[in-house]
Amino acid sequence: LLKKRGYDVTGVFIRSYNLDGCAERDAEDARRTADAIGIPFYVFDLEREYRAHVVDYMVNGYRNGITPNPDVMCNKHIKFGAFLEKAVALGADFIATGHYVRKIQHSTSKDKNAYGLAAARDKNKDQSYFLWTLTQEQLRQCLFPIGEYTKPEVRAIARRAKLPTAEKKDSQGICFLG
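What counts as what
- Residues numbered from 1 in each chain as written.
- Predicted model: local features only at pLDDT ≥ 70, side-chain atom pairs only at ≥ 80, totals over all residues.
- Heavy atoms only, no water.
- Helix = DSSP H or I, 4+ residues; strand = E, 2+ residues; numbered from the N terminus.
- Rg over C-alpha atoms; globule rule 2.2 N^0.38 Å.
- Contact = heavy atoms within 4.5 Å.
- Buried < 20%, exposed > 50% of the residue type's maximum accessible area, 1.4 Å probe, protein only.
- Disulfide = S-S within 2.5 Å.
- 1 Å grid on protein atoms, 1.4 Å probe; cavity = no way out; pocket = protein on both sides within 12 Å on 5 of 7 lines; lining within 4 Å.
- Points joined across faces, edges and corners; volume = space filled by probe spheres on them.
- Bend = angle between axes of the 7 residues up to and from the residue.
- Lys, Arg positive; Asp, Glu negative; His and termini not counted.
- Salt bridge = Lys/Arg side-chain N within 4 Å of Asp/Glu carboxyl O.

A word on the overall build of the protein. Each helix and strand counted, the protein has five helices and six strands in total. Its C-alpha radius of gyration of 17 Å places the protein within 12% of the 16 Å reference for a compact globule of 178 residues. Taken along its principal axes, the extent of the C-alpha atoms in the protein is 45 × 45 × 35 Å. Considering only intrachain contacts with a sequence separation of at least 6, the fraction spanning at least 24 residues in the protein is 64%.

Structural data, given as structure tokens:
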């Protein structure tokens, strides 16, 4: 979608903590998809950061009798923290993720280019709640290309593009546990 909109796109897989080996399959799926689209592909190793900010947070939360939310911490510290910082340091203007959410721009008295998040068009897949920690600076550098589509529409786009992951099972639950 972003390539068709004129963006210079690079694919990146974030290597994180994983117990069952599915990360290797997911990385290969991402590589094959990048090849099908005709874009460069890289792997960023953020396993150490992921373990510290997501896995340890979750384990310690349960140990202390609270209900942790590892998705929020992954987004805050990994995707829109370490990954965003590394991508920008390497020259990226934006990062794009497959979150079902819409970024909206609005003006405030203080900031003429303020951003917010709105629920995705697909109410069954909306992930806006999991992105509540994003700052204005992070939002300025983020793109969410599928927020205006439903899951069936995204699958249809992937099938038309002959992407190898067009029929891949949705990821659910705690991804690092498989």
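Mapped onto the secondary structure, Pro145 falls in the loop between strand 6 (142–143) and helix 5 (151–160). Assessed through its relative accessible area of 13%, Pro145 is described here as buried. With residues up to four places along the chain from it excluded, the contact list for Pro145 reads Leu1, Leu2, Arg5, Ala96 and Thr97.

Throughout the structure, instances matching the rule amount to zero disulfides. Unpaired in this structure, Cys142 has its nearest cysteine sulfur neighbour in Cys74, at a distance of 13 Å. Given the relative accessible area of 0%, Cys142 is considered buried.

Here we take up the layout of surface pockets. The method is simple in principle: a probe with the dimensions of a water molecule rolls over the atoms, and the space it marks as empty is what remains. Considered as a void within the structure, the second largest pocket measures approximately 180 Å³ in volume. Taken together, 13 residues line the second largest pocket, and the ones lying closest to its centre are Arg5, Lys103, Leu143, Phe144 and Pro145. Elements that contribute at least two residues to the lining of the second largest pocket include exactly strand 4 (101–106) and strand 6. For the lining of the second largest pocket, the element with the highest residue contribution is strand 4, accounting for three residues.

In the structure, helix 3 (residues 70–89) departs most strongly from a straight axis at Phe83, where the bend amounts to approximately 30°. Three or more residues of helix 3 are buried, namely Pro70, Val72, Met73, Cys74, Asn75, Ile78, Phe80, Gly81, Ala82, Phe83, Leu84 and Ala87. Looking at the buried side of helix 3, the elements it contacts are strand 1 (11–15), strand 2 (41–45), helix 2 (47–63), strand 3 (95–96), helix 4 (136–140) and strand 6. Once helix 3 ends, the next one or two residues include Gly91, with phi positive near 110°.

The residue Asp122 is located in the loop between strand 5 (114–119) and helix 4 in this model. An unpaired buried charge is present at Asp122: no salt bridge exists, and Lys125, the closest side chain of opposite charge, is 6.9 Å distant. In contact with Asp122, not counting residues within four places along its chain, are Tyr100, Tyr149, Thr150, Lys151 and Pro152.

Turning to the pattern of salt bridges, a few remarks are in order. Two side chains bearing opposite charge may form a pair once their charged atoms approach each other closely. Summed over all chains, the structure comprises 12 salt bridges. Between Arg31 and Glu28 there is a salt bridge whose closest N-O contact spans 3.9 Å. With Arg31 and Glu28 both in helix 1 (residues 22–37), this residue pair falls three residues apart, about one helical turn. What makes Arg31 partly exposed here is its relative accessible area of 35%. Taking the relative accessible area as the measure of exposure, Glu28 reaches 38% and is therefore partly exposed. Connected via shared salt-bridge partners are Asp26, Asp29, Arg32 and Lys168.

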